[in-house]
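Breakdown of the fold
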Amino acid sequence: MSIKTQVKPRQALQSIKPYTPGKPIWEVQRELGLTKVVKLASNENPLGASPKGIQAVQQFMAEIHRYPDADAKDVNAAIAAKLNLQSGQIIVTNGGDELISLISEAFLEPEDEIIVPSPSFTEYEFGARLMNAGVIAVPLNQDYGYNIELMLSAVTERTKILYICTPNNPTGTYLPKRDMEKLLAALPPRVLVVIDAAYSHFATADDYTDGLDYVREGYPVVVLQTFSKIYGLAGLRIGYGAAPEAIIGHILKVKEPFNVNALAQAAAAAAITDDLHVQASQQLNSDGREQLYAAFAALGLPFIKSMSNFVLVELGPESKRYYELLLTKGVVVRHGGLWGLPQHVRITVGTKEDNEFLITALQASMLEISKK
Ligand SMILES: *Cc1c(COP(=O)(O)O)cnc(C)c1O
C-alpha cells in the first residue's frame, strides 16, 4: 500500500526551478568511464586552495567537536583589516549564495520587486521567488555590456533591490566606474544596490570598481564577496557581505547562529592574507585568458573578452552537441541554455595544460561535427 502525500508546499515554490550545478569530476568519470577529466564548469581555482588556508584547516581539525564562533570574529577582523572597513560593516556567510538568500529574507515583501541584469547569476531570482517577490529582468546590450539607462527605466515604486554583477557571470563583462556612479546617483535612496563582486580579483580594467568605496561612503550598497573563487575554498562554503552598518544589522537578524562552519572560518581568516596565492592565481588567469582568446580566434569562434576567470564562447546551433562531445572527451564546460544562451558555452580558465586539453578536445569536436 502506498500512502499519497497531501502536504502542500508554499505556492511560491511553483515558480522556483532547481539549480543545475556544473557536473562534478567523479560523476563524469563514473558515467563515462574516463580516467582524465578536466572541469572547467564552475569557475573554481585551477591552482587549488590557498596553501595558508589548507594549513589552517589542518591545524584546526582537533577542535571540530566545538560549535563554530557564531559571529565569525576572526574572519570578520581579518576582512576588516584587509579592506579598511569597520567590523560592523561586514557579515560572514555560508558562501555568497547564503548572503543573497539572507538579503532576500531581510528586505523583500511579496509586493516588492527586484531588478536583475539578464543574462546573469540565477541566485538573485531564486531569492526573490522564495519570498514571493517580483523579478524584473533587464537585458544587457548586444555586446553584453550594461545598459544603465534601461536599468534605471525599470525602477518603479515597488523596486526594493537592484543587482549588479561585475564582472558579470556568465558574460565576463563589467560595469565601468563612471556608470556605477551614474547609477548610484540616479537611484532613489530606498533602493538597495547589491554589487556582486565575486570575480573582482580577476578584473584588470583600469575603470573597474569592486564597489567597496561606495560602502565606505555610506551608499545603500551591499558588496558580495566569496572565498570560493580566487581563494579556492569553494568546498568549504564561505563568503561575506560589506555594507553600511545599519544594513548589516538588518541582515544579521535573519542569519542562523552557526551559519559558517569552523573549518571554513579558520581557512578564510588565513587565506585572506595569502597574497602570494592570490597573485599567482591572477597571473595564471590573465595568461590563460590570452591562451584561450588566441585559440578561439584561430578556430574562428566568436567570444566575449572577459574580466573574469571564464570566457563565454559562441558555438552556434550545435552548441549543446559540443557540450556533450566535450564531456565524452573528458572536458566539462557549462552550456549556456541555463542563461537563455543556447548557442554559447561558458568555459572556466584553467591551468595552461587544462586549457590545452580543452582546445584539443574542441578542435576534435569541430571536426566530428563538420563531418556529419
Ligand atoms: C560563485 C558566485 C557567487 C558566490 O558563490 P559561493 O560559492 O556561494 O560563495 C556569487 N555570485 C556569483 C556571480 C558567483 O559566480
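Worth saying up front: this structure is predicted, and the values here are computed from it rather than measured. (Residues numbered from 1 in each chain as written. Predicted model: local features only at pLDDT ≥ 70, side-chain atom pairs only at ≥ 80, totals over all residues. Heavy atoms only, no water.)

What to know about the domain arrangement of the chain
Along its sequence, the chain is carved into domain 1 (11–48 + 276–370) and domain 2 (51–274). Domain 1 and domain 2 are separated by 25 Å when their C-alpha centres are compared. Counting from both sides, the interface comprises 30 residues of domain 1 and, opposite them, 30 residues of domain 2. Here domain 1 and domain 2 share an interface that buries about 2,500 Å² over both sides, 63% of which is from carbon and sulfur atoms. Summed over the three residues of domain 1 that lose the most area to domain 2, namely His277, Met307 and Trp339, the buried surface amounts to 24% of that side. Connecting domain 1 to domain 2 are zero salt bridges. (Domains from an automatic or database assignment. Contact = heavy atoms within 4.5 Å. Buried area = accessible area lost by both parts, 1.4 Å probe. Salt bridge = Lys/Arg side-chain N within 4 Å of Asp/Glu carboxyl O.)

Here's the deal with the sheet that holds strand 12 (residues 344–348)
Reading across the sheet, the three strands line up as 9-12-11 and stay open at both edges, with antiparallel pairing between neighbours. Each edge of the open sheet carries a strand with a single partner, namely strand 9 (310–314) and strand 11 (334–335). Pairing of strand 9 with strand 12 involves five bridges; the strand directions are antiparallel. Residue pairing in the sheet places Leu312 in a bridge with Arg346 of strand 12. (Pairing = 2+ DSSP bridges. Helix = DSSP H or I, 4+ residues; strand = E, 2+ residues; numbered from the N terminus.)

Here we look at the packing of helix 4 (residues 95–107) against helix 5 (residues 123–130)
One can describe the packing of helix 4 onto helix 5 by two numbers: an axis separation of 9 Å at closest approach and a directional angle of 35°. In terms of crossing hand, the pair formed by helix 4 and helix 5 is right-handed. In this structure, helix 4 uses Asp97, Ile100, Ser101 and Ser104 to contact helix 5, whose residues at the interface are Glu123, Tyr124, Phe126, Gly127 and Ala128. Residues belonging to the contact of helix 4 with helix 5 are distributed by class as follows: four nonpolar, three polar and two charged. (Axes fitted to C-alpha atoms, helices over the stretch in contact; angles between N-to-C directions. Left-handed = near helix turned anticlockwise from the far one by under 90°. Nonpolar A, V, L, I, M, F, W, Y, C, P; charged D, E, K, R; others polar.)

Quick look at the site of the ligand
If you check the shell around the ligand, you find 14 residues, and the closest are Gly96, Asp196, Tyr199, Thr226 and Lys229. With respect to the ligand, the side chain of Asn169 contributes an N or O atom lying 2.9 Å from an oxygen atom. The separation between an oxygen atom of the ligand and a polar side-chain atom of Thr226 is 2.5 Å. With respect to the pocket detection grid, the ligand is positioned in the largest pocket. Among the secondary structure elements, those contributing two or more residues to the shell around the ligand are helix 4 and strand 7 (221–226). Looking at side-chain class alone, the shell around the ligand contains five nonpolar, five polar and four charged residues. (Near = heavy atom within 4 Å. Polar contact = N/O pair within 3.5 Å; in protein donor to acceptor, adjacent residues only side chain to side chain. 1 Å grid on protein atoms, 1.4 Å probe; cavity = no way out; pocket = protein on both sides within 12 Å on 5 of 7 lines; lining within 4 Å. Sits in = over half its atoms within 2 Å of the grid points.)

A look at the UniProt feature "modified residue: N6-(pyridoxal phosphate)lysine" (unreviewed entry) in the chain
Within this numbering scheme, the UniProt entry marks Lys229 as carrying the feature "modified residue: N6-(pyridoxal phosphate)lysine" (unreviewed entry). Setting aside residues no more than four positions away along its own chain, Lys229 makes contact with Ser42, Asn43, Asn45, Ala198, Tyr199 and Phe202. Only 3.1 Å separates the side chain of Lys229 from the side chain of Tyr199, close enough to count as a polar contact. (UniProt positions renumbered as here; feature names shortened; annotations may be inferred.)

Some remarks on empty space enclosed by the protein
Scanning the entire structure with this criterion turns up one cavity of 30 Å³ or more. In this structure, the largest cavity is lined by Glu44, Asn45, Pro46, Phe202, Lys229, Ser281, Leu284, Asn285, Asn309 and Val349. Per-class residue counts for the lining of the largest cavity are four nonpolar, four polar and two charged. (Points joined across faces, edges and corners; volume = space filled by probe spheres on them.)

A word on the sheet that holds strand 3 (residues 113–118)
Reading across from one edge, 2-8-7-6-5-3-4 is the order of the seven strands in this open sheet, with mixed pairing throughout. Either end of the sheet is taken by a strand with one partner, and the two such strands are strand 2 (90–93) and strand 4 (134–139). Adjacent strand axes in the sheet meet at a mean angle of 20°, parallel and antiparallel pairs treated alike. Of the strand pairs in this sheet, strand 6 (residues 192–196) and strand 7 are connected by four bridges, and their pairing is parallel. Residue pairing across strands places Val193 opposite Val221, the latter belonging to strand 7. Strand contacts of helix 7 (residues 177–186): strand 5 (159–165), strand 6 and strand 7, with the helix running at about 175° to strand 5, the strand carrying the most contacts.

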